[in-house]
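# Structural characterization, general
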Amino acid sequence: MSETILKVTNVTKRFGGVCALDHVNLELKKGEIHCLVGGNGSGKSTLIKIISGFYKPDEGTVEIDSVPCPSKFSTMDAIAAGVQVIYQDMSVFPNLTVAENVAITLNQSARKKTVNWKEMDQIAQKAFDKIGVQLPLHDLLEELSVADKQIVAIARAILYDAKLLIMDEPTTALTRKEIDKLFEIVRTLQSQGVSILFVSHKLDEVFEIATRFTVLRNGKNIITDETANANREKMTQYISGRTIEAEPFTADIREEDTPLFEGRDLCLKNGFEHISFQVMPGEILGITGLLGSGRTELAMSLFGLYPATSGQIFIKGKEVTIDSPMAALRHKIAYVPEDRLTEGLFLLQSIEDNISIANIDQLSQKNGSIDQAKVQADAEKWRDSLSIKMGDMKDAIGTLSGGNQQKVVLAKWLETQPDVLILNGPTVGVDIGAKYDLHSRIREIVKDRNTAVVVISDDVLEVIQNCNRILVVKRGHITDELSNEGLDEETLVSVVTSREAAGGIVE
């Protein structure tokens, strides 16, 4: 009996004139956790959809458990062969209960006309028992955390006796604690003989969870190897095709400088309390903390989305009121949100419209119409400045990769020429190459010392390398202030997760 559960041989897939996959090979062993790694637009998603029967390859073959997939291989054929895919959106039903989400597809496939609620609970409980997790069966899914929704999707997948479980970027919105829980479940499934194709661009996860990995770049195989034979530097080279060496950021702050932004004793009910800090010209200030610490509420408050209920804000030494995003824009504050898809972009609009929208008043003519020539010129300027890879400016923003979409969001707010730029999770969901490009651009923004940047992130390496000063937020309070000079990841993680602050116990 073959020890191989999946064999992809010379698979090619084209969309019009674009070759998404170019003679790609991939092989998974039974009971293996294998990472599929690559940057945005590398071909990972296309390959997953071919394996799962959503796309048909133009060339090449796919074998599942030594059985060649026929030319008319469908998603239902893939499920019957033991392939289950958990996509980033998880395809769950928020208005149904946990048990209903787990068992509904099994009920549908059996073509039952009535629902046996007791049997549905038993099916769901059996699935949770198999992965060693307990969830409240009758809670609505919309009431659960992202991590628990992920678990529900896994439980539903294994009901079909999955031999191969494909997980597409499963940790994007998870905390470290939730990732540990997910990895425990993945290893439990592995011990039961299930093979896992774990798709990720987070390098730490690749080394932690996988025994082997395959890297795709520009639709081509780069390498398949044991994770023991690679390190962070090698993996970065494989994914991006270049050597990336990031020196810790050093700010040019001078004694005579006046803060560009200052918050004094800021409070927001159920958000944060007694927050005070300054941001100097030419500075990149980092704000970090665990999920629920109040860091996101603080970011949104500074932009007027959740106006502070008390305290004072000063711009260049002058007290101002920031009670709405429009007020923030008037005072030259810009905000790049954490979720670009729901908060940062107009998905049905063109690339150039997305870039120009925040500065639309400046692009209007006397008769009220929009100066389209200026819109196009500005969009082209940011395309070149930020190296945004695209086809036509009038293409929908959804045609871009995640990293290039994030660059468009950044361009949109840079177009407003801000004095203070707030970046909430600036590199969430982008690959290592695009992350480096964004970090380089952030550093360039503050070089002229007319601008300051505030980076809110739970990526400790990101804030250490790119922020000269770091504030740690816990339960709505700033508990620690650290310089990035000589700071390492272990120390910052310890400070973030500890209950004790530099000045004593957190109240």
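Residues numbered from 1 in each chain as written. Predicted model: local features only at pLDDT ≥ 70, side-chain atom pairs only at ≥ 80, totals over all residues. Heavy atoms only, no water.

### Here's the deal with the confidence of the model for the protein
Confidence in the prediction for the protein averages 87 pLDDT; 96% of positions are at 70 or higher. Here strand β22 (residues 504-505) stands out as the element of the protein with the lowest mean pLDDT, 36, in contrast to strand β10 (residues 220-226), whose mean of 96 is the highest. Low pLDDT, under 50, characterises residues 501-507; the stretch is placed with 13 contacts to residues that sit more than four places away or in other chains. (pLDDT = per-residue confidence, 0-100. Helix = DSSP H or I, 4+ residues; strand = E, 2+ residues; numbered from the N terminus. Contact = heavy atoms within 4.5 Å.)

### A short note on helix α14 (residues 402-414)
The terminal C-alpha atoms of α14 lie 18 Å apart, and with 13 residues this matches the ideal 18 Å at 1.5 Å per residue to within 8%. Across the 13 residues of α14, 13 count as buried, placing the element largely inside the fold. (Expected span 1.5 Å × (residues − 1). Buried < 20%, exposed > 50% of the residue type's maximum accessible area, 1.4 Å probe, protein only.)

### Considering the sheet that holds strand β8 (residues 195-200)
The strand order β6-β7-β8-β3-β9-β10 describes an open sheet built from six strands, whose pairing is mixed. Strands at the two margins of the open sheet, each flanked by one partner only, are β6 (83-86) and β10. Put simply, the sheet's adjacent strands are angled 15° from each other on average, direction ignored. For strand β7 (residues 164-168) and β8, the ladder comprises five bridges, and the chain directions are parallel. Each bridged residue has a counterpart across the sheet, and for Leu164 the counterpart in β8 is Ser195. Against the sheet, helix α1 (residues 44-51) makes contact with β3 (33-38), β6, β7, β8 and β9 (212-217), and its axis sits at roughly 150° relative to β7, the strand it touches most. Seen against the sheet, helix α5 (residues 146-158) touches β6 and β7 and runs at an angle of roughly 170° to β6. (Pairing = 2+ DSSP bridges. Axes fitted to C-alpha atoms, helices over the stretch in contact; angles between N-to-C directions.)

### Topic: empty space enclosed by the protein
This model, assessed by the stated rule, comprises one cavity of 30 Å³ or more. Space inside the largest cavity adds up to approximately 40 Å³. Every residue along the wall of the largest cavity is listed here: Val336, Gln406, Leu410, Leu423, Pro426, Leu438 and Ile442. When grouped by side-chain class, the residues that make up the lining of the largest cavity number six nonpolar, one polar and no charged. (1 Å grid on protein atoms, 1.4 Å probe; cavity = no way out; pocket = protein on both sides within 12 Å on 5 of 7 lines; lining within 4 Å. Points joined across faces, edges and corners; volume = space filled by probe spheres on them. Nonpolar A, V, L, I, M, F, W, Y, C, P; charged D, E, K, R; others polar.)

### Digging into the state of the cysteines
Applying the stated criterion across every chain, the model contains zero disulfides. Of the cysteine sulfurs around Cys19, a residue in no disulfide, the closest is that of Cys69, at 20 Å. The class of Cys19 is partly exposed, set by a relative accessible area of 34%. (Disulfide = S-S within 2.5 Å.)

### Looking at the packing of aromatic side chains
Scanning the entire structure with this criterion turns up seven aromatic pairs. Cluster of aromatic residues (ring-pair linked, three or more members): Phe15, Phe54 and Tyr55. Positioned over the ring face of Phe15 is Lys13, at 5.4 Å from the centre of the ring. (Phe/Tyr/Trp six-rings, centres within 6.5 Å; stacked < 30°, edge-to-face > 60°. Lys NZ or Arg CZ within 6 Å of the ring centre and 35° of its normal.)

### Overview of the pattern of salt bridges
According to the stated counting rule, one finds 22 salt bridges in the structure shown. Residue Asp148 is joined to Lys181 by a salt bridge in which the shortest nitrogen-to-oxygen separation is 3.5 Å. Taken together, the residues span a long stretch of sequence, with Asp148 in helix α5 and Lys181 in helix α6 (residues 176-191) at a distance of 33 residues. Note on Asp148: relative accessible area 17%, which makes it buried. A salt bridge links Arg295 to Asp458, with the shortest nitrogen-to-oxygen separation between them at 3.6 Å. Here Arg295 is found in helix α9 (residues 295-302), whereas its partner Asp458 is found in the loop between β18 (452-456) and α16 (460-466), with 163 residues between them in sequence. Here the salt bridges share partners, and the residues they tie into one network are Lys30, Asp65 and Lys163. (Salt bridge = Lys/Arg side-chain N within 4 Å of Asp/Glu carboxyl O.)

### Re the pairing of strand β14 (residues 310-315)
Across five bridges, strand β11 (residues 261-268) lies against β14 in antiparallel orientation. Bridge pairing in β14 links Phe261 to Ile315. When β14 meets strand β15 (residues 318-320), the two strands line up antiparallel, connected through three bridges. Along β15, the bridge assignment pairs Ile315 with Lys318. Connecting the antiparallel pair β14 and β15 is a turn made up of two residues, with Lys316 showing a positive phi of about 50°.

### Side note on the nonpolar core
Counting 71 residues, the largest nonpolar core has Phe261, Phe277, Ile333, Leu421, Ile422, Val453 and Leu492 as the members making the most contacts within it. Element by element, the count of residues in this core is highest for α14, at six residues. Beyond its immediate chain neighbours, meaning those up to four positions away, Phe277 contacts Phe261, Glu262, Gly263, Leu285, Leu298, Leu302, Leu471 and Ile478. One finds Leu165, Val186, Val206 and Met235 within the second-largest nonpolar core, a separate group that totals 52 residues. (Core = buried A, V, L, I, M, F, W, Y, C linked by side-chain atoms within 4.5 Å.)

### A short note on the packing of α5 against α6
The interhelical angle for the contact between α5 and α6, taken along N-to-C directions, is 10°, at an axis separation of 10 Å. Taken together, the axes of α5 and α6 are roughly parallel relative to one another. Here Ala147, Asp148, Gln150, Ile151, Ile154 and Ile158 of α5 come into contact with α6, specifically with Glu178, Lys181, Leu182, Ile185 and Leu189. Counted by class, the contact of α5 with α6 contains seven nonpolar, one polar and three charged residues. (Parallel < 35°, antiparallel > 145°, perpendicular 65-115°, else oblique.)

### Quick word on unusual backbone geometry
Even without being glycine, Asn270 reaches a positive phi, approximately 65°. Topologically, Asn270 is positioned in the loop between β11 and β12 (272-279). Although it is not a glycine, Arg449 adopts a positive phi angle of roughly 60°. For Arg449, the position within the fold is in the loop between α15 (432-445) and β18. A relative accessible area of 16% means that Arg449 is categorised as buried.

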